[in-house]
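# Coordinate analysis (summary)
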Amino acid sequence: MNKIIYFTFALLICSVSFADKNMKIGSKGKSSDVSRTIKVKMYDNYYEPNSFNIKKGETIKFEVSNLGELVHEFNIANAMMHLKHQPEMEKMVENEILLGDKIDKDQMHKMAAMDKSMGHSHSNSVLLAPKEKGIIIWKFENAVDIEIACNVPGLSLIHISEPTRPLYISYAVFCLK
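Notes on the structure follow. (Residues numbered from 1 in each chain as written. Predicted model: local features only at pLDDT ≥ 70, side-chain atom pairs only at ≥ 80, totals over all residues. Heavy atoms only, no water.)

## Some remarks on the overall build of the protein
When helices and strands are tallied, the protein shows three helices and 10 strands. The helix and strand sequence of the protein, counted from the amino end, reads α-β-β-β-β-β-β-α-α-β-β-β-β. Relative to its full complement of 177 residues, the protein shows a buried share of 41%. Across the protein, every contact between residues at least 6 apart in sequence was considered, and the portion connecting residues at least 24 apart equals 72%. For the protein, the exposed surface amounts to about 10,200 Å²; the carbon and sulfur share of it is 57%. (Helix = DSSP H or I, 4+ residues; strand = E, 2+ residues; numbered from the N terminus. Buried < 20%, exposed > 50% of the residue type's maximum accessible area, 1.4 Å probe, protein only. Contact = heavy atoms within 4.5 Å. Areas by Shrake-Rupley, 256 points an atom, 1.4 Å probe, with all protein chains shown as cover.)

## Comments concerning the nonpolar core
By size, the foremost hydrophobic cluster in this structure holds 34 residues, and its most contacted members are V40, F62, F74, I76 and L127. Listing elements by their share of this core, those giving two or more residues are β2 (36-42), β4 (51-54), β5 (59-66), β6 (72-77), α2 (79-94), α3 (105-114), β7 (125-128) and β8 (133-139). Contacts of L127, omitting those with residues within four sequence positions, involve V71, H72, E73, M89, M92, L98, I103, M108, H120, E132 and V152. (Core = buried A, V, L, I, M, F, W, Y, C linked by side-chain atoms within 4.5 Å.)

## Side note on unusual backbone geometry
E48 connects to P49 through a cis peptide bond whose omega is -5°. The phi dihedral of E96 falls on the positive side, at around 55°, and the residue is not glycine. Looking at the secondary structure, you find E96 in the loop between α2 and α3.

## Things to note about the packing of aromatic side chains
In this structure the tally under the stated criterion is five aromatic pairs. Pairing Y43 with Y46 gives two aromatic rings, centres 4.8 Å apart and planes at 25°, and the pair type is stacked. Accessibility expressed as a relative area gives 22% for Y43, which makes it partly exposed. The class of Y46 is partly exposed, set by a relative accessible area of 36%. Relative to F74, the ring of F62 has its centre 5.3 Å away and its plane inclined at 50°; by these criteria the two rings are tilted. Of the two residues, F62 sits in strand β5 while F74 sits in strand β6, which places them 12 residues apart along the sequence. We note that F62, like F74, is buried. Each member of the aromatic cluster is reached from another via a ring pair, and the members are Y47, F52, F62, F74 and F140. (Phe/Tyr/Trp six-rings, centres within 6.5 Å; stacked < 30°, edge-to-face > 60°.)

## A word on the pattern of salt bridges
Summed over the entire model, instances satisfying the criterion amount to four salt bridges. One salt bridge connects K39 with E63, and the closest N-O pair in it is separated by 2.8 Å. Taken together, the residues span a long stretch of sequence, with K39 in strand β2 and E63 in strand β5 at a distance of 24 residues. Take E63: its relative accessible area is 24%, and that puts it in the partly exposed class. Among the ionic pairs, E63 bridges to K61, the shortest N-O distance being 3.6 Å. Taking the relative accessible area as the measure of exposure, K61 reaches 23% and is therefore partly exposed. (Salt bridge = Lys/Arg side-chain N within 4 Å of Asp/Glu carboxyl O.)

## What to know about the side chain of E73
Note that E73 resides in strand β6. Although buried, E73 forms no salt bridge, and the nearest oppositely charged side chain, K105, lies 12 Å from it. A distance of 2.6 Å separates polar atoms of two side chains, one belonging to E73 and the other to H85. A distance of 2.7 Å separates a polar atom in the side chain of E73 from a polar atom in the side chain of H120. Residues in contact with E73, not counting those within four places in the same chain, are M42, Y47, H85, M89, H120, S125, V126, L127, A149, C150, N151 and V152. (Lys, Arg positive; Asp, Glu negative; His and termini not counted. Polar contact = N/O pair within 3.5 Å; in protein donor to acceptor, adjacent residues only side chain to side chain.)

Shown next as structure tokens:
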């Protein structure tokens, strides 16, 4: 019986330790490890810059500004993660958290008490109303096939690297060297 408990505990620890490595998107970085800063401007139908060259192991500070007239998201993920995140974003619209040109923070906190995903507190993402700014510090130690996307429902652009995939919007692609 003790062996089963030990094995289960060891398996749980290993799965938690290696979860990020399996997703291949990197991890939340530390301010003290930042190699450089990239300033990102989000407009209603594109990001500036629209691509990034990142070296494996680099820790980047993204200073993100929403200069558009609508709510936008800057989300670092892979294609599968974006697809899984989109229903959360749809739910935020349905619950009147995302209101086109603003974020109802009171409603967000209220809904997050019942459903954590409604708090949009992901270390790989910032959700910004017009004229808001946010920061993400990200370490690209094991990143593969990274995409930057805005998963806010109702927006539609052609995806830069795979135009046939049904994502709401995607503005940038990483080139890891």
